[in-house]
Amino acid sequence: MSTPVVFLLVLLVGAPSSGAAAVPTNADDAAAMQSIASSTGAAKSLGWGARSPDPCGGTWPGVRCDATTGRVVAINASRGGLSGALPPGDLSLLTSLVELDLSFNEVGGRFELPRLRKPLPALRTLDLRSNRFLDIPDGFFSAFPALETFAIDDNDMADPTVLQDDVATCSHLRSFSANNVSMNDMFPNFFGNASLFPDLESLSLAGNQLFGVIRPDFGKNGKIKFLDVSAQHSSDGGKLGGILKFITGMENLVVLRVDHNSFFGQLPDATHLANLRRVDAAANDLCGIPKFPPGTDVDLDGNPKVGKEC
């Protein structure tokens, strides 16, 4: 075997794994991760720290680090058997974190989402679906100025509120999903303000208790492609409704779900929405002749006046 080939084999054998950093973990990050491993049970369920105390050493499943700085940049512990609390003080130390995915666990302990002491300026993805968080505290979103994707679906919350002044600090949002979290409030029309959220493409708030109307200018001049506000069921009798005129200004719309609500009146002329592929407006009180682009999958079942003049 020639020397160049031997040298190449040595390089390959000695190369670090994709999850390992070339330098030890930053001291603050290491302390924070060790605490999080203990508080969420990841030390047992995922073996964090079992083989090495160094989170960037390549032995902590789902933990990814920057090889030159030793900073933790991503944590993916989805379906990791986690429970317990997520300490805000420890999470605040991970200032290079870009992605945090703790979905489909039992994290939260029936407490509110952690309100961080210091912001995480690099965090772009935060997925906390299907956990045990109870509420969204005021000021929560201000800790994530670079946030692009947020999901909190299927947490059994106690009437959480998303405040405009708070979430508007996340001006780079592309996707916001809060399905089935018992949100009982006026519909948050501010999400349709393209000046506040110029990059928002997906808004999903299905299965909550939202009420009021969606304003006619909602989504105008914005980038929203996917909108799901289906199946609102307010316990105090309030309903989400109004007319569907707002969709005529949503020129990037691809999928619309407003089914099982109280929308009423004339179906809008949406033939100019060239990107539209699916509309589900079943179980409302709509009337008139459907006017959608050819090939659009449309469900208007449960609207007895559809097809008739209003």
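All values reported here derive from a predicted model rather than from experimental measurement.

1. Topic: the overall build of the chain
In step 1: Counting its regular elements, the chain contains 5 helices and 18 strands.
In step 2: Burial statistics for the chain: of 310 residues in total, 47% are counted as buried.
In step 3: Sequence-distant contacts, at least 24 apart, represent 60% of the contacts inside the chain between residues at least 6 apart.
In step 4: Surface summary for the chain: the accessible area is close to 14,100 Å², and the carbon and sulfur share equals 53%.

2. Notes on the sheet that holds strand β7 (residues 149-151)
In step 1: A sheet is described by the order of its strands in space; here 11 strands give the open sequence β1-β2-β4-β6-β7-β8-β9-β11-β13-β15-β17, paired in mixed fashion. Each edge of the open sheet is held by one strand with a lone partner, namely β1 (63-65) and β17 (297-299). Within the sheet, the average angular offset between the axes of one strand and its neighbour, ignoring direction, is 10 degrees.
In step 2: With 3 bridges joining them, β7 and strand β8 (residues 175-177) adopt parallel strand pairing. By the bridge assignment, A151 is partnered in β8 with S177.

3. A word on the confidence of the model for the chain
In step 1: With 93% of its residues at a pLDDT of 70 or more, the chain has an overall mean of 92.
In step 2: Here residues 1-19 is modelled with pLDDT under 50, and outside its nearest four sequence neighbours on either side it reaches 7 contacts, counting other chains as well.

4. What to know about the state of the cysteines
In step 1: Within this structure, the stated rule accounts for 2 disulfides.
In step 2: Sequence-ordered numbering of the bonded cysteines in the chain yields a pairing of 1-2, 3-4.

5. Topic: the nonpolar core
In step 1: Ranked by size, the top nonpolar core spans 76 residues in total, and within it F176 and F191 carry the most contacts.
In step 2: Top element by residues in this core is helix α2 (residues 27-39). It accounts for 4 residues.

6. Topic: the environment of D28
In step 1: Its place among the elements puts D28 in helix α2.
In step 2: What makes D28 partly exposed here is its relative accessible area of 44%.
In step 3: Between the alpha carbons of D28 and D90 there is a distance of 8.6 Å; along the sequence they are 62 residues apart.

7. A closer look at the pairing of strand β2 (residues 72-76)
In step 1: In terms of burial, β2 is largely enclosed, as 4 of its 5 residues are buried.
In step 2: Judged from the 3 bridges that link them, β1 and β2 form a sheet pairing that is antiparallel. Paired with C65 across the strands is V72, a residue of β2.
In step 3: Here 3 bridges tie β2 to strand β4 (residues 99-101), and the two strands are oriented parallel to one another. Considered in β4, the bridge of I75 is made with L100.

8. A closer look at the pattern of salt bridges
In step 1: The tally for this structure, following the rule as stated, stands at 8 salt bridges.
In step 2: One salt bridge in this structure joins D199 and K223, with 3.5 Å as the shortest N-O distance. Of the two residues, D199 is situated in the loop between β8 and β9 (202-204) and K223 in the loop between β10 (212-213) and β11 (226-228); the sequence distance between them amounts to 24 residues.
In step 3: Salt-bridge contacts for D217 lead to R215; the nearest nitrogen and oxygen are separated by 3.4 Å.
In step 4: Ionic contacts of the salt-bridge type, sharing partners, join the residues R257, D259, R278 and D280 into one network.

9. A look at the UniProt feature "domain: Leucine-rich repeat-containing N-terminal plant-type" (unreviewed entry) in the chain
In step 1: The UniProt record annotates "domain: Leucine-rich repeat-containing N-terminal plant-type" (unreviewed entry) at residues 27-66.
In step 2: Structurally, residues 27-66 comprises 42% helix and 8% strand, and the distance from its first C-alpha atom to its last is 14 Å.

10. What to know about the side chain of S103
In step 1: Note on placement: S103 falls in the loop between β4 and β5 (106-107).
In step 2: At 2.7 Å, the side chain of S103 forms a polar contact with the side chain of D101.
In step 3: In this structure, S103 is in contact with A77, S78, R79, D127, L128, R129 and N131, ignoring residues within four places of it in sequence.

11. Comments concerning the packing of aromatic side chains
In step 1: Within the structure shown, the criterion is met by 12 aromatic pairs.
In step 2: Aromatic side chains F218 and F246 sit 6.1 Å apart centroid to centroid with 90 degrees between the ring planes, which places their arrangement in the edge-to-face category. On the criterion of sequence distance, the pair formed by F218 in the loop between β10 and β11 and F246 in the loop between β12 (240-242) and β13 (255-257) is long-range, its members being 28 residues apart.
In step 3: With a relative accessible area of 1%, F246 lands in the buried category.
In step 4: Put simply, the rings of F140, F141, F144, F150, F176, F190, F191 and F197 touch in pairs and so form one group of aromatic residues.
In step 5: Residue placement shows R79 over the ring face of F104; its charged tip is 4.0 Å from the ring centre.

12. Let's talk about the environment of G222
In step 1: Relative to the assigned elements, G222 resides in the loop between β10 and β11.
In step 2: When neighbours within four sequence positions are excluded, G222 is seen to be in contact with A194 and N252.

Basis of the calculations
- Residues numbered from 1 in each chain as written.
- Predicted model: local features only at pLDDT ≥ 70, side-chain atom pairs only at ≥ 80, totals over all residues.
- Heavy atoms only, no water.
- Helix = DSSP H or I, 4+ residues; strand = E, 2+ residues; numbered from the N terminus.
- Buried < 20%, exposed > 50% of the residue type's maximum accessible area, 1.4 Å probe, protein only.
- Contact = heavy atoms within 4.5 Å.
- Areas by Shrake-Rupley, 256 points an atom, 1.4 Å probe, with all protein chains shown as cover.
- Pairing = 2+ DSSP bridges.
- Axes fitted to C-alpha atoms, helices over the stretch in contact; angles between N-to-C directions.
- pLDDT = per-residue confidence, 0-100.
- Disulfide = S-S within 2.5 Å.
- Core = buried A, V, L, I, M, F, W, Y, C linked by side-chain atoms within 4.5 Å.
- Salt bridge = Lys/Arg side-chain N within 4 Å of Asp/Glu carboxyl O.
- UniProt positions renumbered as here; feature names shortened; annotations may be inferred.
- Polar contact = N/O pair within 3.5 Å; in protein donor to acceptor, adjacent residues only side chain to side chain.
- Phe/Tyr/Trp six-rings, centres within 6.5 Å; stacked < 30°, edge-to-face > 60°.
- Lys NZ or Arg CZ within 6 Å of the ring centre and 35° of its normal.

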